[in-house]
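Working through the structure, step by step
Residue-level listing of the chains:
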Amino acid sequence: MCGIVGYVGPRDSEGILIAGLARLEYRGYDSAGVAVIDGSGGLGLRKRAGKLKVLRDDLAEHPLAGGTTGIGHTRWATHGGPTDANAHPHLADDDKLAVIHNGIIENFSELKTDLLASGATFRSETDTEVAAVLLGREYRANGGDLVEAFRATVARLEGAFTLLAVHEDHPGLVVGARRNSPLVIGLGEGENFLGSDVAAFVEHTRKALAIGQDEIVAITPGGVEVTDFHGDAVTVEPFEVTWDAAAAEKGGWSSFMAKEVSEEPEAVANTIRGRIRDGEVAIPELDGLDELFTGLSRIIVIACGTAAYAGMVGMYALEQWARVPVDVELAHEFRYRDPVIGPDTLVVSISQSGETMDTLMAVKYARERGARTLSICNTQGATIPRESDAIIYTHAGPEVAVASTKAFVAQITALYLLALHVGRVRGALGATEAAQQVLELEEVPEKIRWVLETQQSRIEEFAGWMADTRSVLFLGRHVGYPIALEGALKLKEISYIHAEGFAAGELKHGPIALIEPGQPVFVLVPSPRESPLLHAKVVSNIQEIQARGARVIVVAEEGDAAVLPFADEVLRIPLAAPLFEPLLAVVPLHIFAMGLATAKGLDVDQPRNLAKSVTVE
Ligand code: M6R
């Protein structure tokens with residue numbers, strides 16, 4: 001939640017900050033603001049409730065005096081509603097100090113009470129302003145050392161935070177601190193950047209440094225200094241950003257979501273690329289890590305939202321190919337139930353952003369309990385991979401739309417690569433069988449392309465007719481079940497329509513009572529050739545709901561004629577082995593959700609109340 005950007009260098013900072021915020025707006029869009037130290041050493045501030053556009057228009061009409069040092073923020077409101085006053089930056093030290101924040105300061109209420117008692121005044125309801133006032137006081141107390149003031153301030157804060165500050169007495173300096181909230185450094189030539197993630201500065205530099213937990217960073221045009229909260233210097237790991245700036249642009253597409261759905265074939269292909277050698281899975285990141293897999297007796301997959309549904313799909317592959325028992329848990333439930341885990345448990349976390357607080361905390365908890373950890377992540381420099389014993393990056397490229405689409409298929413792909421690898425390392429999967437699955441996986445991108453090319457316009461058309469629908473149900477069995485859940489989540493998230501996903505077999509245990517004449521129900525039908533038994537069961541389920549008047553939309557394999565008598569609409573996917581069907585069947589559901597939200601005139605990229613990266617618990 002909340003996007004943060006900082007700049008120091010020879011260029012006018014305002015434009016750089018606004019461009020950085022535009023790339024981070026997916027992190028929160030309740031309000032936005034910038035603070036710039038201007039050429040004459042004054043601090044210029046502008047902040048406005050609403051999306052970044054409101055701030056941008058305001059600045060265009062009433063520009064700030066230029067300045068080459070600044071910070072910018074885009075907010076997802078936690079403490080205090082989305083108003084101008086609660087927007088960041090917050091000022092302190094007689095309005096000479098500006099502070100922005102991502103996270104939640106859990107003890108802000110006690111701190112605020114103490115500060116009020118000692119005469120401080122506040123202009124907002126935020127926890128951030130408490131940190132700003134504290135920082136201002138420490139700065140005055142120590143005679144004007146901003147880094148030392150940070151050190152004294154963070155020692156009093158509890159919770160999660162990334163804080164950045166500029167002070168008008170220090171043009172050419174931006175100071176930041178992080179605990180359990182993201183911050184990365186971008187290294188330029190005679191200029192440096194800070195950002196919640198690399199998207200903030202990738203158009204200026206691809207050289208980056210990942211800052212660890214509990215560290216303070218000071219950037220100037222000529223240098224970067226990182227110390228821990230005690231003042232000891234720390235070594236930071238440089239990395240090269242592989243995303244290019246154009247990948248995070250909308251290009252000619254109507255929305256980022258439309259662009260990202262169209263990139264689903266590449267997301268799968270790029271995640272496979274470089275990880276197959278001579279027909280065998282060979283994941284360079286896992287070289288020398290066989291011991292992670294040989295001694296394990298159990299895998300627990302933890303994730304949230306769409307990533308958790310990818311984990312559910314991955315469970316089938318891990319159990320089938322690696323013959324290891326697998327449980328999938330929502331990360332926010334996992335660590336509050338005293339799970340039985342230890343050194344023989346591999347905890348696999350899945351996160352597009354690599355910053356989801358619930359998932360991060362669950363990974364830390366698992367490590368503290370002695371479990372081994374592996375993360376599947378899409379974002380370089382993110383926190384969760386840094387907290388894990390091993391990483392497999394998905395190479396979906398930057399995902400900007402709040403609704404996750406291409407990252408979902410990339411996550412399933414990475415899980416399948418992992419399952420094949422673990423199966424081979426543990427001797428559970430023969431070379432011939434593994435090679436056959438690799439061939440199937442390699443065919444997936446082309447098959448997704450076929451779905452996009454042949455089905456998209458029809459799906460968009462009937463999604464348009466359904467703009468007034470109030471509720472949609474999704475049914476699936478086996479690997480189709482998590483896809484039903486994903487289809488429902490996507491629809492809720494961007495079209496604000498009530499939607500539920502069910503295991504088709506569960507229908508008769510209750511949900512069938514929801515079926516009334518005209519109720520739209522999507523049914524994911526397994527292949528009649530590959531899974532005849534399951535196919536027959538699902539066709540029976542279709543008949544049960546059709547008999548009760550449901551409007552049935554099936555997603556079925558090309559050539560499956562058995563569904564025709566019972567379906568109002570048939571969406572086709574190519575023939576694939578059962579475990580590969582989810583990668584194809586989810587595509588029509590992504591297109592449908594996007595088409596329906598568009599027909600309702602909604603912003604598919606920035607749905608209400610949501611943010612892409614959920615960095616609060
Ligand atoms: O960044 P993560 O993959 O950890 O995010 C997890 C969920 O918050 C995310 O998948 C969310 O459910 C999406 N907005 C769904 O489209």
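Residues numbered from 1 in each chain as written. Predicted model: local features only at pLDDT ≥ 70, side-chain atom pairs only at ≥ 80, totals over all residues. Heavy atoms only, no water.

**A short note on the overall build of the protein**
The secondary structure content of the protein amounts to 17 helices and 26 strands. A compact globule built from 617 residues would reach a C-alpha radius of gyration of about 25 Å, and the protein, at 25 Å, matches this within 12%. Considered along the principal axes of its C-alpha atoms, the protein spans approximately 80 × 55 × 45 Å. A separation threshold of at least 6 residues defines the contact pool for the protein, and within that pool the share at least 24 residues apart is 72%. Total accessible area on the protein stands at roughly 21,800 Å², and carbon and sulfur atoms take up 50% of it. In the protein, 54 side chains carry a positive charge and 84 a negative one; their mean positions are 3 Å apart. (Helix = DSSP H or I, 4+ residues; strand = E, 2+ residues; numbered from the N terminus. Rg over C-alpha atoms; globule rule 2.2 N^0.38 Å. Contact = heavy atoms within 4.5 Å. Areas by Shrake-Rupley, 256 points an atom, 1.4 Å probe, with all protein chains shown as cover. Lys, Arg positive; Asp, Glu negative; His and termini not counted. Charge placed at Lys NZ, Arg CZ, Asp CG, Glu CD.)

**Here's the deal with the site of the ligand**
If you check the shell around the ligand, you find 14 residues, and the closest are Ser 351, Gln 352, Ser 353, Thr 356 and Glu 493. In this structure, Thr 356 approaches the ligand through a side-chain N or O atom, which is 2.4 Å from an oxygen atom. Side-chain polar atom of Glu 493 to a nitrogen atom of the ligand: 2.5 Å apart, as the coordinates give it. Across the complex, the protein chains shield 91% of the 410 Å² of accessible surface that the ligand would expose by itself. Elements with a minimum of two residues in the shell around the ligand: α9 (305–322) and α15 (480–495). Here the residues of the shell around the ligand are counted per class, giving five nonpolar, seven polar and two charged. If you count residues domain by domain, the shell around the ligand takes at least three from each of domain 2 (250–429) and domain 3 (443–607). (Near = heavy atom within 4 Å. Polar contact = N/O pair within 3.5 Å; in protein donor to acceptor, adjacent residues only side chain to side chain. Nonpolar A, V, L, I, M, F, W, Y, C, P; charged D, E, K, R; others polar. Domains from an automatic or database assignment.)

**So, the domain arrangement of the protein**
Parsing the protein into structural domains produces domain 1 (3–247), domain 2 (250–429) and domain 3 (443–607). Domain 1 and domain 2 are separated by 31 Å when their C-alpha centres are compared. Taken residue by residue, the interface counts 21 residues in domain 1 and 17 residues in domain 2. Summed over both partners, the interface of domain 1 with domain 2 comes to about 1,500 Å²; 54% of that surface belongs to carbon and sulfur atoms. Contact with domain 2 buries surface across domain 1, with Tyr 26, Asn 180 and Trp 243 losing the most and accounting together for 37% of the total. (Buried area = accessible area lost by both parts, 1.4 Å probe.)

**Overview of the pattern of salt bridges**
All chains considered together, the criterion is met by 30 salt bridges. Across the pair Glu 486 and Lys 490 runs a salt bridge whose closest N-O atoms are separated by 2.9 Å. Placement of both Glu 486 and Lys 490 in helix α15 is noted, with a separation of four residues, approximately one turn of the helix. Note on Lys 490: relative accessible area 0%, which makes it buried. Salt bridges sharing partners connect three or more residues here, namely Arg 46, Arg 48, Asp 58 and Asp 84. (Salt bridge = Lys/Arg side-chain N within 4 Å of Asp/Glu carboxyl O. Buried < 20%, exposed > 50% of the residue type's maximum accessible area, 1.4 Å probe, protein only.)

**Let's talk about the environment of Arg 123**
Within the secondary structure, Arg 123 is located in the loop between α3 (108–117) and α4 (127–141). On a C-alpha basis, the gap between Arg 123 and His 90 in space is 8.7 Å, while along the polypeptide they are 33 residues apart. A polar side-chain atom of Arg 123 sits 2.8 Å from a polar atom in the side chain of Asp 95.

**Topic: the packing of helix α1 (residues 13–24) against helix α2 (residues 52–61)**
Packed helices, taken two at a time, are described by their axes: the angle between them and the distance between them. Across the interface, α1 lies against α2 with an axial gap of 11 Å and an inter-helix angle of 165°. Regarding the angle of α1 to α2, the classification is roughly antiparallel. α2 is crossed by α1, and the crossing has left-handed handedness. Contacts between α1 and α2 pair Glu 14, Ile 18, Leu 21 and Ala 22 from the former with Leu 52, Leu 55, Arg 56 and Leu 59 from the latter. For the contact of α1 with α2, the per-class residue count stands at six nonpolar, no polar and two charged. (Axes fitted to C-alpha atoms, helices over the stretch in contact; angles between N-to-C directions. Parallel < 35°, antiparallel > 145°, perpendicular 65-115°, else oblique. Left-handed = near helix turned anticlockwise from the far one by under 90°.)

**Looking at the sheet that holds strand β11 (residues 207–210)**
In spatial order, the strands read β3-β2-β4-β1-β10-β9-β11-β14; together these eight strands make up an open sheet with antiparallel pairing. The two strands at the open ends of the sheet, each matched to only one other strand, are β3 (43–49) and β14 (237–240). This sheet shows a mean twist of 15° between the axes of neighbouring strands, independent of strand direction. Most of the contacts of α1 go to strand β1 (residues 3–8), to which it runs at about 155°, and overall it touches β1, β2 (31–37), β4 (69–75) and β10 (192–195). (Pairing = 2+ DSSP bridges.)

**Quick notes on the packing of aromatic side chains**
In total, this model carries 11 aromatic pairs according to the counting rule given. Aromatic side chains Trp 321 and Tyr 416 sit 5.5 Å apart centroid to centroid with 75° between the ring planes, which places their arrangement in the edge-to-face category. One end of the pair, Trp 321, is in helix α9; the other, Tyr 416, is in helix α13 (residues 406–425), and 95 residues separate them in sequence. Tyr 416 carries the same exposure label as Trp 321, and that label is buried. Taken together, the ring pairs connect Phe 462, Phe 474, Phe 522 and Phe 592 into an aromatic cluster. In this structure, Lys 51 packs its charged tip against the face of Tyr 29, placed 5.3 Å from the ring centre. One Lys or Arg, Lys 112, reaches over the ring of Phe 122 and ends 4.9 Å from the middle of that ring. (Phe/Tyr/Trp six-rings, centres within 6.5 Å; stacked < 30°, edge-to-face > 60°. Lys NZ or Arg CZ within 6 Å of the ring centre and 35° of its normal.)

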